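Working through the structure, step by step
Take a look at the letters that make up each chain.
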Amino acid sequence: MRRRKGATSCTTLIAALAFVAAGTGSAMSEPEPPPPSTAPAPYAQEIPTDTPEGLAEYLTFAFGKIDEYWKNHFTQEKLTGPSTYYSLIGSGQESVSRCLPEPIQTNTRNYFYCSADTWTNAEGTTYTGGIHIPVGSAMSLQADTSAFAVATVVAHEYGHEVTQEYMTQLNLPAIVQMKDGAPVLDENGSTIPVKESELIADCFSGNWAKDAFKQKMVGHADLQQAVQALISAADTTIGAHQPHGNKSERTAAFTLGYNTGSPLECAQRYWVTYVWP
């Protein structure tokens, strides 16, 4: 299954993102846990997710909600909405990404986003930026957490697309290792990732989770399990090749996004390669 789309200055980012920040209050010095609620969770109630097919249906629905949230946000900012697509990789299937040497299969451990991936649908519309979701691995994660927790991991991958769109449309620098104003390159000539590029995606995931909670799509337990899902992917050793941040950092990033509901707060905290006025 696939889905779908996304020019201005850096100062525009502050004004644009502030549109959504309005009315949310100032950033909290210490991220607070999501407030308890007795709100129903229709995601879990209406779509049974105890089979790979059911979970795939749920994730299709969840991706649509994530996509809708960010497209609305970009429209409010007077920017072009994201143009990403996704693939759900079931049993016996695989998905090819330009960012990976081997095809992704249903039990591949990680979820992936690749800005270089493209897909053209039957109508000839081309989408740029692919999110790859191995359904077998998603079933395992759901067993330890919840279906909504899996959706927040998908929202994290979508957060990378949001970052990419801001970089492109607002001419912002990449969130990579920098020295003297220029990216540091490894022995292969590639830029070196920093944990903030992952933490900002966690924060953007929290932004969407806030919206889902406001729409009474999830309950308190779902949000706690979402944090647990992010923690499960946290770095356990210093100097990981693709740093994601440790447990406390990932929890703080998600809860900052959730508490403020503000992409601006996320950008000001984690876009470390840009000097905010």
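What this report covers is the structure whose coordinates are included nearby. In this text, all values refer to a predicted model and were calculated from it rather than measured experimentally. (Residues numbered from 1 in each chain as written. Predicted model: local features only at pLDDT ≥ 70, side-chain atom pairs only at ≥ 80, totals over all residues. Heavy atoms only, no water.)

1. Some details on helix 4 (residues 135-144)
Note the threshold: Three exposure classes are used, based on accessible area relative to the maximum for each residue type with a 1.4 Å probe and protein chains only: buried under 20%, partly exposed in between, and exposed over 50%. Runs of E in the DSSP output that reach at least two residues are strands. Runs of H or I that reach at least four are helices, and both are numbered from the N terminus. Contacts are assigned to residue pairs that have any heavy atoms within 4.5 Å of one another.
Where burial is concerned, most of helix 4 is hidden: seven out of the ten residues are buried. Against helix 3 (52-76), strand 1 (85-89), strand 5 (126-134), helix 5 (147-170) and helix 7 (220-232) lie the buried residues of helix 4.

2. Details of helix 7
Filter applied, for reference: Here, expected helix span is obtained from the residue count minus one, scaled by 1.5 Å.
With 13 residues, helix 7 extends 19 Å from end C-alpha to end C-alpha; this agrees with the ideal 18 Å at 1.5 Å per step. Along helix 7, the residues classified as buried are Asp222, Leu223, Ala226, Val227, Ala229, Leu230 and Ile231. The inward-facing, buried residues of helix 7 abut helix 4, helix 5, helix 6 (196-214) and helix 8 (247-260).

3. A closer look at the environment of Gln268
Assignment of secondary structure puts Gln268 in helix 9 (residues 263-270). The class of Gln268 is partly exposed, set by a relative accessible area of 38%. In this structure the C-alpha to C-alpha distance between Gln268 and Ile200, which are 68 residues apart in sequence, comes to 9.6 Å.

4. Structural notes on the state of the cysteines
Think of a disulfide as a covalent bridge from one cysteine sulfur atom to another cysteine sulfur atom. The test is simple: The criterion for a disulfide is a pair of cysteine sulfur atoms lying within 2.5 Å.
Taken as a whole, this structure holds two disulfides when the rule is applied. Through a disulfide, Cys99 is tied to Cys114; the S-S separation comes to 1.9 Å. Looking down the S-S bond of the Cys99 and Cys114 bridge, the torsion is 70°, so its handedness is right-handed. Separated by 15 residues along the polypeptide, Cys99 in the loop between strand 2 (94-95) and strand 3 (104-105) and Cys114 in strand 4 (residues 112-120) bring together distant segments of the chain.

5. Considerations on the environment of Thr191
Examined against the element boundaries, Thr191 turns out to sit in the loop between strand 7 (182-183) and helix 6. Setting aside its immediate chain neighbours within four residues, Thr191 contacts Val176, Pro183, Val184 and Leu185.

6. Some remarks on the side chain of Asp117
Selection rule: When charges are counted, Lys and Arg contribute as positive and Asp and Glu as negative, whereas His and the chain ends are disregarded. A carboxyl oxygen of Asp or Glu within 4 Å of a side-chain nitrogen of Lys or Arg is what we treat as a salt bridge.
Checked against the element boundaries, Asp117 lands in strand 4. No salt bridge is formed by the buried Asp117, whose closest oppositely charged neighbour, Arg98, lies at an N-O distance of 5.0 Å. Those residues in contact with Asp117 that lie beyond four places of it in its chain are Tyr85, Val96, Ser97, Arg98, Cys99, Tyr127, Thr128, Gly129, Gly130 and His132.

7. Points about the packing of helix 3 against helix 4
Heads up, the condition is: Helix axes use the C-alpha atoms of the stretch in contact, all axes being lines fitted to C-alpha atoms, and the angles between their N-to-C directions lie in the range 0 to 180 degrees. Working definition: roughly parallel below 35 degrees, roughly antiparallel above 145 degrees, roughly perpendicular at 65 to 115 degrees, and oblique for all remaining angles. Three classes are used, and their members are as follows: Ala, Val, Leu, Ile, Met, Phe, Trp, Tyr, Cys and Pro are nonpolar, Asp, Glu, Lys and Arg are charged, and the others, Gly among them, are polar.
The N-to-C vectors of helix 3 and helix 4 enclose an angle of 90°; their axes lie 10 Å apart at closest approach. Relative to helix 4, the element helix 3 is oriented roughly perpendicular. Residue-level contacts link Pro52, Leu55 and Leu59 of helix 3 to Val135, Ala138, Met139 and Gln142 of helix 4. Broken down by class, the residue content of the contact of helix 3 with helix 4 amounts to six nonpolar, one polar and no charged.

8. Quick notes on the packing of aromatic side chains
Worth spelling out the cut-off: Any two rings among Phe, Tyr and Trp, with Trp reduced to its six-membered ring, count as a pair given centres within 6.5 Å; such a pair is stacked if its planes are under 30 degrees apart, edge-to-face if over 60, and tilted if neither.
Summed over the entire model, instances satisfying the criterion amount to ten aromatic pairs. When the centroid spacing of 5.6 Å and the interplanar angle of 20° are considered together, the rings of Trp119 and Tyr127 count as stacked. Exposure remark for Tyr127: the relative accessible area of 6% places this residue in the buried category. For the ring pair Phe213 and Tyr258, a centre distance of 6.0 Å and an interplane angle of 75° mean the geometry is edge-to-face. Here the residue Phe213 occupies a position in helix 6, and Tyr258 occupies one in helix 8, the gap between them amounting to 45 residues. Residue Tyr258 is classed as buried on the basis of its relative accessible area of 1%. By way of ring pairs, the aromatic residues Phe63, Tyr86 and Tyr158 are connected into one cluster.

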